[in-house]
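Close look at the chain arrangement
Letter by letter, the chains look like this.
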Amino acid sequence: MKTHIITYGCQMNEYDTHLVKSELASIGAQFVDSIPEADFVLVNTCAVRGKPVEKVRSLLGELRKEKEKRDLMVGMMGCLAQLEEGQQIARKFAVDVLLGPGALTEIGKAIEAKNRFWDLSFREELTHHLPPAPQGQLSAFVSIIRGCNHHCTYCIVPTTRGPEVSRHPDLILRELEQLKAAGVLEVTLLGQNVNSYGNDQPGFPKFGELLRRVGQVGIPRVKFTTSHPVNFTDEVIAAMAETPQVCNYIHLPVQSGSNRVLRRMAREYRREWYLDRIRAIKEAIPDVVLSTDIIVGFPGESEEDFEQTLTLYDEVQYDSAYMFIYSPRPGTPSYKHFQDLPREVKVERLQRLIEKQKEWSYKKNQQWVGRTVEVLVRGSAKDEGYAEGHDRGNHPVLIPAAQAPRPGLYQVEVKQATPHMLFGEVVGSQEAATIPLMMA
Ligand code: SAM
Ligand code: SF4
C-alpha cells in the first residue's frame, strides 16, 4: 500500500507519526511523498487552536474530491480525531480510518479491515510499545509520558490525550540504546509535562533521576519538552546541572505574567513561584537558554494584566518565545464560561509582545558572539551557501556550507547574531562526529 502521511501540530505528533509509520512498514506499506502517488493518505491532526483544525478541514475537503475520482483510503489520527468536533468533520469528509491518540497501535487492524474503522480507546499496548530507531537521522524524539493531569481552562489536551501515563524506564532506556546504535546524536524526551514523569507509577524514578539515567546512555545531547513550572523541582535543576549530556536549554511555558489571569487559566502556580524557579535555574545553570509559551488575550485579560506579562518578560529575559493569541476551543471550560476578547485587542497585544520578544532575542543572541558553541548540522539551509544546525541552547545556527560538508557535530565560533539566528564559522578541525551525507 502506497502511504502518504501529513503531520500537523507538536513534536508529540511527529513522534506518533514515526510510531505509526513503523507499524505500517511492518505490514509492508511503502511511503510516498505526495497525495497523487498515494492510495492511503493519513492525516495526523492537532486540535489545540482553531487554525490547525481549519487546515485539516480544508485538506480533508480536497481528499474527498480525490476520493470521488479514484480508489483512495483516507485516515485521520491525533488530537482532533478524539473529539466530537473531529468526528463530525470525519463523517462529513468520508474518512475511512479514525484513530484517537491512544489507539495508534491499531493501525494494522484498521488497514486490514478494508472498511470504515474507528477506534477512540486508550490502549495499554501504546505505553509498552517500542518503535524502531529512525534511520539516517541525527536527532530523534522519545516519548516518556503521555497525557496530562492538569486542567488549564483553555486547553483541550487533557480531553484528547487522557490522564498521565509514564512509560517504563527500562523501555525508555532500551529505545535510547537503539537510537545511540543508529547514530543519533541528540534526543528530545517528550511529554505534555515531562517533569510529572513517574508521579503516576509508584516505583518509577522521578524525572530528575530519569534524566541522570538517560545521561548515562551516552547520547551526547539530551533535551526535553514540555516542562510545567509547578513540577520543576530543585532535583530536576540539580540533575540538569550535574548531567553533562543534558543541554542548557529549558522551555518553561508561563502563559501569563498576571496572577489574576493565571488563576482564571487554572495554572497552579503564581508569578512569584515562576520567578523563583527561574532564579533557581539561572543560579544552577549560568548559561541557560530559556524559552516559553505565552497566551495573549485570554478572556478577561485587562491592559494591566497584559503589562504584567511584559514586565515578567523583562524580568526573565527569555531567549525566545512561542506566542499565541487565545483561541476558544469547544469542550474547554474557558470556551464555556468566559467571553472572548475582541480580535483587534488580541492582535494589538500580540504585536507588542512580539516587539518585546525581538528586543530580548537580539540582546540575548548578541551575548553569544565571540563564543564557541557545539552545533548539530542537519543539512544545507534554505539560504544557498549555508549549512544549518542548532546548538545545545537550541539556537538555530548558520555556517558556510563549505565548512560543514556533512551532517554532524561541529565546534563553531559565533561571529554575528540576529534576533532569530546565530552565524558562525567552524573553528580548527574540531569536527566532533559526522555521518555520511544521506539526508537534507
Ligand atoms: N503541556 C504544555 C504546557 O502546559 O505548557 C503545553 C502543551 S500545549 C499543546 C502547547 C501550548 O499551546 C500551550 O503552552 C499554550 O500556550 C498553547 N495553547 C493551548 N491551548 C490554547 C488555546 N486555547 N489558545 C491559544 N493557545 C493555546
Ligand atoms: Fe494543556 Fe495545561 Fe496540560 Fe499543558 S498542562 S497540556 S496547557 S492542560
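Residues numbered from 1 in each chain as written. Chains lettered and ligands numbered in written order. Predicted model: local features only at pLDDT ≥ 70, side-chain atom pairs only at ≥ 80, totals over all residues. Heavy atoms only, no water.

Formally: UniProt positions are given in the numbering used here, feature names are shortened, and annotations may be inferred rather than shown by experiment.
The name given to the chain in an unreviewed UniProt entry is tRNA-2-methylthio-N(6)-dimethylallyladenosine synthase, with the source organism recorded as Calidithermus terrae. Quoted verbatim from the Catalytic activity (unreviewed entry) field of UniProt, the annotation for the chain is "N(6)-dimethylallyladenosine(37) in tRNA + (sulfur carrier)-SH + AH2 + 2 S-adenosyl-L-methionine = 2-methylsulfanyl-N(6)-dimethylallyladenosine(37) in tRNA + (sulfur carrier)-H + 5'-deoxyadenosine + L-methionine + A + S-adenosyl-L-homocysteine + 2 H(+)".

What about the site of ligand 1?
The test is simple: When at least one non-hydrogen atom of a residue lies within 4 Å of a molecule or strand, that residue is treated as near it. N or O atoms within 3.5 Å of each other form a polar contact, as long as, within protein, one can give a hydrogen and the other can take it, and as long as residues adjacent in sequence are counted only when both atoms are side-chain atoms. Computed with the Shrake-Rupley method and a 1.4 Å probe, the accessible areas treat only the protein chains shown as cover for residues. Going along the chain from the N terminus, every DSSP run of H or I of four or more residues is numbered as a helix, and every run of E of two or more is numbered as a strand.
In the vicinity of ligand 1 lie 17 residues, with Gln192, Pro253, Gln255, Asp293 and Ser327 positioned nearest. Here an oxygen atom of ligand 1 sits 2.6 Å away from a polar atom, N or O, in the side chain of Asp293. Alone, ligand 1 offers 560 Å² of accessible surface; in the complex the protein occludes 91% of this. Those elements that place two or more of their residues in the shell around ligand 1 are strand S13 (289-296) and strand S14 (320-325).

Notes on unusual backbone geometry
The peptide bond linking Thr225 to Thr226 adopts the cis configuration, its omega dihedral lying at 0°. Relative to the helices and strands, Thr226 is located in the loop between strand S11 (221-225) and helix H10 (234-242). With phi around 75°, Gln255 is a residue other than glycine that occupies positive phi space. The phi torsion at Gln317 lies on the positive side, around 60°, for a residue other than glycine.

A look at the packing of aromatic side chains
Put simply, the rule reads: In this analysis, rings of Phe, Tyr and Trp, with Trp reduced to its six-membered ring, are considered paired at centre separations within 6.5 Å, and the interplanar angle assigns stacked below 30 degrees, edge-to-face beyond 60, and tilted for intermediate values. Burial classification: accessible surface area is computed with a 1.4 Å probe over protein chains only, and a residue below 20% of its type maximum counts as buried, one above 50% as exposed, and the rest as partly exposed.
Taken as a whole and judged by the stated rule, the model has eight aromatic pairs. Both rings, one in Tyr154 and one in Phe298, keep their centres 6.2 Å apart while their planes meet at 80°; by these two values the pair is edge-to-face. In this pair, Tyr154 sits in the loop between strand S8 (145-146) and helix H7 (157-161) while Phe298 sits in the loop between S13 and helix H13 (303-316), placing the two residues 144 residues apart along the sequence. Each member of the pair, Tyr154 as well as Phe298, carries the same accessibility label: buried. With centroids separated by 6.0 Å and ring planes inclined at 80°, the aromatic side chains of Phe298 and Phe338 adopt a geometry described as edge-to-face.

Concerning the sheet that holds strand S1 (residues 2-7)
Filter applied, for reference: Two strands make a pair as long as DSSP finds a minimum of two bridges between them.
With parallel pairing, the six strands of this open sheet are ordered in space as S2-S1-S3-S4-S5-S6. The sheet is open, and its two borders are formed by strand S2 (30-31) and strand S6 (117-119), each paired with just one other strand. With five bridges connecting them, S1 and strand S3 (residues 40-45) associate as parallel partners. By the bridge assignment, Thr7 is partnered in S3 with Asn44.

Some thoughts on the pattern of salt bridges
Convention followed: Any Lys or Arg side-chain nitrogen found within 4 Å of a carboxyl oxygen on Asp or Glu counts as a salt bridge.
Across all of its chains, the model carries 34 salt bridges by this definition. Where Arg123 meets Glu106, a salt bridge forms, and the shortest distance between an N and an O atom there is 3.8 Å. Pair noted here: Arg123 is in the loop between S6 and helix H6 (125-128) and Glu106 is in the loop between strand S5 (97-99) and helix H5 (107-113), with a separation of 17 residues, a long-range link. On the basis of relative accessibility, which here comes to 4%, the residue Glu106 falls in the buried class. Members of the salt-bridge network, linked through shared partners, are Glu186, Arg221, Lys223, Glu374 and Arg392.

A closer look at the side chain of Arg392
For clarity, the threshold we go by: We call two residues in contact when some of their heavy atoms are within 4.5 Å.
Note on placement: Arg392 falls in the loop between strand S16 (386-391) and strand S17 (396-400). One polar contact links the side chain of Arg392 to the main-chain carbonyl oxygen of Gln245, over a distance of 3.1 Å. Here Arg392 is in contact with Pro220, Arg221, Lys223, Pro244, Gln245, Val246, Cys247, Asn248, Tyr249 and Glu374, once residues within four sequence places are set aside.

Considering the nonpolar core
For soluble globular proteins, the rule of thumb is that nonpolar side chains tend to be buried together. Defined as follows: Think of a nonpolar core as a cluster: buried Ala, Val, Leu, Ile, Met, Phe, Trp, Tyr and Cys residues, connected wherever their side-chain atoms sit within 4.5 Å.
One finds Ile144, Leu176, Phe207 and Leu211 to be the most contacted residues of the largest nonpolar core, which totals 63 residues. The next biggest cluster of nonpolar side chains, apart from the first, holds 26 residues, and it includes Val32, Val43, Leu59 and Ile156.

Some remarks on the side chain of Glu164
Going by this rule: Charge assignment in this entry is limited to Lys and Arg as positive and Asp and Glu as negative, and neither His nor the chain termini are counted.
Counting through the fold element by element, Glu164 comes out in the loop between H7 and strand S9 (165-166). Buried within the structure, Glu164 lacks any salt-bridge partner; Lys206 is the closest side chain of opposite charge, at an N-O distance of 10 Å. A polar contact is formed between the side chain of Glu164 and the side chain of Ser196, at a distance of 3.3 Å. Not counting chain neighbours up to four residues away, the residues in contact with Glu164 comprise Ile145, Arg146, Gly147, Cys148, Asn149, His150, Asn193, Ser196 and Asp200.

Let's talk about the UniProt feature "binding site: [4Fe-4S] cluster 1" (unreviewed entry) in the chain
In the numbering used here, UniProt assigns the feature "binding site: [4Fe-4S] cluster 1" (unreviewed entry) to Cys10, Cys46 and Cys79. Spanning 70 residues, the annotated positions come together in the fold, the maximum distance between their C-alpha atoms being 10.5 Å. Mapped onto the elements of the fold, Cys10 is located in the loop between S1 and helix H1 (11-26). On the basis of relative accessibility, which here comes to 36%, the residue Cys10 falls in the partly exposed class. Relative to the assigned elements, Cys79 resides in helix H3 (residues 79-82).

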